[in-house]
Amino acid sequence: MGCNAEELKHVPLFALLDDEEAAVLASQVEIKKFAPHQRIYKIGDTDGRAYVMFSGKVRVTTVDEDHQEVVVDEPSHGEFFGFASMLEKTPHQTNATAVEETTCIEVDRDDIAVLLVRKPMAGMDMLTVLGRQFHASQQLVRLRAMRNPNEVIEKEASFGERIADKVAGFGGSWTFIITFLASLVAYACLSLVMGKTSWDPYPFILLNLFLSMLAAIQAPVIMMSQNRQDTKDRLRGELDYDVNRRSESEIQGLARKLNALDDKIADIHGHLHSAAPNGPSGDTSR
């Protein structure tokens with residue numbers, strides 16, 4: 001269906017066009033109407049067309065590596081979708097489906113070329129839309145990226161923090177406990193055998209000094225490592241929250257699809273029931 005110039009000027013992107021320019025563009029573009037749940041285009045389509053929202057609601061989605069549907073955009077009045085593929089002459093990377101009864105303006109590269117010739121500043125408006133979609137895609141990737149808390153912590157750790165982790169890890173191992181006990185026993189036995197000629201006779205005052213110094217140094221190192229472990233636990237908690245929130249969103253999306261499927265089945269059942277011919281009365285009396 002052809003587009004009326006006055007209707008075209010209601011779209012914010014084309015509102016700056018004068019009457020003559022709007023008439024030229026309106027003679028080329030078309031208005032398309034889509035029923036609820038009707039697919040506008042799908043991944044891999046190469047029709048080379050983009051759409052501008054006029055009324056209704058559209059959901060633009062893609063599929064991630066886990067085969068989960070991800071909502072990329074829900075364009076509002078006057079916003080583009082499918083625009084990047086149209087400009088690049090590449091297959092669509094997303095699916096677009098009308099959520100409710102929707103009216104869109106269908107455009108292609110030739111239509112945009114005419115628009116830019118007539119109104120060059122309209123290109124800035126389209127670049128603004130593309131920039132907003134680009135930022136939305138970046139935000140989507142950031143939110144859905146599965147980060148490993150250990151890798152994040154190790155990447156940001158300083159040299160001293162890495163040393164603290166190694167000292168704390170060794171200090172809490174059986175290797176350290178057995179080695180430390182064996183060293184204490186050997187030290188005490190050697191000192192007792194040497195008697196008064198020992199460098200540290202009983203009650204081992206020098207050994208007590210060394211143990212006190214070791215405890216004084218080891219305590220803050222262990223606390224430093226514990227603080228880093230708390231950071232890891234907090235980061236794990238944040239990632240778990242993001243995963244749970246995303247799972248909830250996907251479950252809600254699945255529930256919406258099931259509800260829409262139930263509505264479709266009910267509509268089909270109603271149509272079949274109303275279209276079914278009246279059967280025989282079944283009267284067998286003679």
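Conventions adopted
- Residues numbered from 1 in each chain as written.
- Predicted model: local features only at pLDDT ≥ 70, side-chain atom pairs only at ≥ 80, totals over all residues.
- Heavy atoms only, no water.
- Salt bridge = Lys/Arg side-chain N within 4 Å of Asp/Glu carboxyl O.
- Helix = DSSP H or I, 4+ residues; strand = E, 2+ residues; numbered from the N terminus.
- Phe/Tyr/Trp six-rings, centres within 6.5 Å; stacked < 30°, edge-to-face > 60°.
- Buried < 20%, exposed > 50% of the residue type's maximum accessible area, 1.4 Å probe, protein only.
- Pairing = 2+ DSSP bridges.
- Axes fitted to C-alpha atoms, helices over the stretch in contact; angles between N-to-C directions.
- Patch = residues over 30% accessible without salt bridge, like charges linked within 9 Å, V, L, I, M, F, W, Y side chains within 5 Å.
- Areas by Shrake-Rupley, 256 points an atom, 1.4 Å probe, with all protein chains shown as cover.
- Arc of directions from axis to C-beta.
- Polar contact = N/O pair within 3.5 Å; in protein donor to acceptor, adjacent residues only side chain to side chain.
- Contact = heavy atoms within 4.5 Å.
- pLDDT = per-residue confidence, 0-100.

## Some details on the pattern of salt bridges
- Enumeration over the complete set of coordinates arrives at 3 salt bridges.
- Glu 106 is the salt-bridge partner of Arg 49, the closest N and O atoms lying 3.4 Å from each other. In this pair, Arg 49 sits in the loop between β2 (39-41) and β3 (50-55) while Glu 106 sits in strand β8 (residues 102-107), placing the two residues 57 residues apart along the sequence.
- Notably, a salt bridge pairs Glu 74 with Arg 59, separated by 3.3 Å at the nearest N-O pair. With Glu 74 in the loop between β5 (69-73) and β6 (80-81) and Arg 59 in strand β4 (residues 58-63), this pair connects stretches of sequence that are 15 residues apart.

## Re the packing of aromatic side chains
- The final tally for this structure, using the stated rule, is 7 aromatic pairs.
- Aromatic pair Tyr 187 and Trp 199: ring centres 5.7 Å apart, planes at 85°, arrangement edge-to-face. Here the residue Tyr 187 occupies a position in helix α8 (residues 174-194), and Trp 199 occupies one in the loop between α8 and α9 (205-275), the gap between them amounting to 12 residues.
- Residues Tyr 202 and Phe 204 carry aromatic rings whose centres are separated by 5.5 Å and whose planes lie at 85° to one another, so their mutual orientation is edge-to-face.
- Take Phe 204: its relative accessible area is 12%, and that puts it in the buried class.

## Section: the sheet that holds β5
- Strand order in the open sheet made by the 4 strands is β2-β7-β4-β5, with antiparallel pairing throughout. What marks the edges here is a single partner per strand, and that holds for β2 and β5. Shown here is a sheet whose adjacent strand axes are inclined to one another by a mean of 40°, direction ignored.
- Pairing geometry for β4 and strand β7 (residues 95-98), over 4 bridges, is antiparallel. In the sheet register, Arg 59 faces β7, and the bridge partner there is Thr 97.

## Brief notes about a nonpolar patch on the surface
- On the surface, Leu 190, Met 194, Trp 199, Leu 206, Leu 209, Phe 210 and Met 213 cluster together into a nonpolar patch covering about 650 Å² of accessible area.
- Contributing elements (two or more residues each) for the nonpolar patch: α8 and α9.
- Element by element, the count of residues in the nonpolar patch is highest for α9, at 4 residues.

## Some details on helix α2 (residues 19-26)
- Those residues of α2 lying buried are Glu 21, Ala 22, Leu 25 and Ala 26. Projected down its long axis, α2 carries its buried residues within an arc of 130°, all on one side. Exposed residues lying more than 90 degrees from the buried face of α2 are Asp 19 and Glu 20.

## Here we look at the sheet that holds β8
- Reading across from one edge, β1-β8-β3-β6 is the order of the 4 strands in this open sheet, with antiparallel pairing throughout. Edge positions in the open sheet fall to β1 (30-34) and β6, since each of these has one partner strand only.
- Examined bridge by bridge, β3 and β6 share 2 bridges and lie antiparallel to one another. Bridging from a neighbouring strand, Tyr 51 pairs with Phe 81 of β6.

## Observations concerning the environment of Thr 197
- Structurally, the position occupied by Thr 197 is in the loop between α8 and α9.
- Judged by its relative accessible area of 65%, Thr 197 falls in the exposed class.
- A distance of 2.6 Å separates the side chain of Thr 197 from the backbone oxygen of Met 194, its partner in a polar contact.

## Considering the side chain of Thr 103
- Assignment of secondary structure puts Thr 103 in strand β8.
- Dropping the residues within four chain positions of it, Thr 103 is found in contact with Ile 31, Lys 32, Lys 33, Val 52, Met 53, Phe 54 and Ser 55.

## Concerning the confidence of the model for the protein chain
- On average, residues of the protein chain score 76 in pLDDT, and 78% of them are at 70 or above.
- Per-element confidence in the protein chain is highest for β7, whose mean pLDDT is 90, and lowest for helix α5 (residues 122-144), whose mean pLDDT is 62.
- Segment residues 279-286: pLDDT under 50, and 0 contacts once partners within four positions in sequence are set aside and those in other chains are kept.

## A few points about the environment of Val 60
- If you trace the backbone, Val 60 turns up in strand β4.
- It is 6.6 Å that separates the C-alpha atoms of Val 60 and Thr 97, two residues lying 37 residues apart in sequence.
- With residues near it in sequence (within four places) discarded, Val 60 still touches Tyr 41, Val 70, Val 71, Val 72, Asp 73, Pro 75, Phe 81, Thr 94, Asn 95 and Ala 96.

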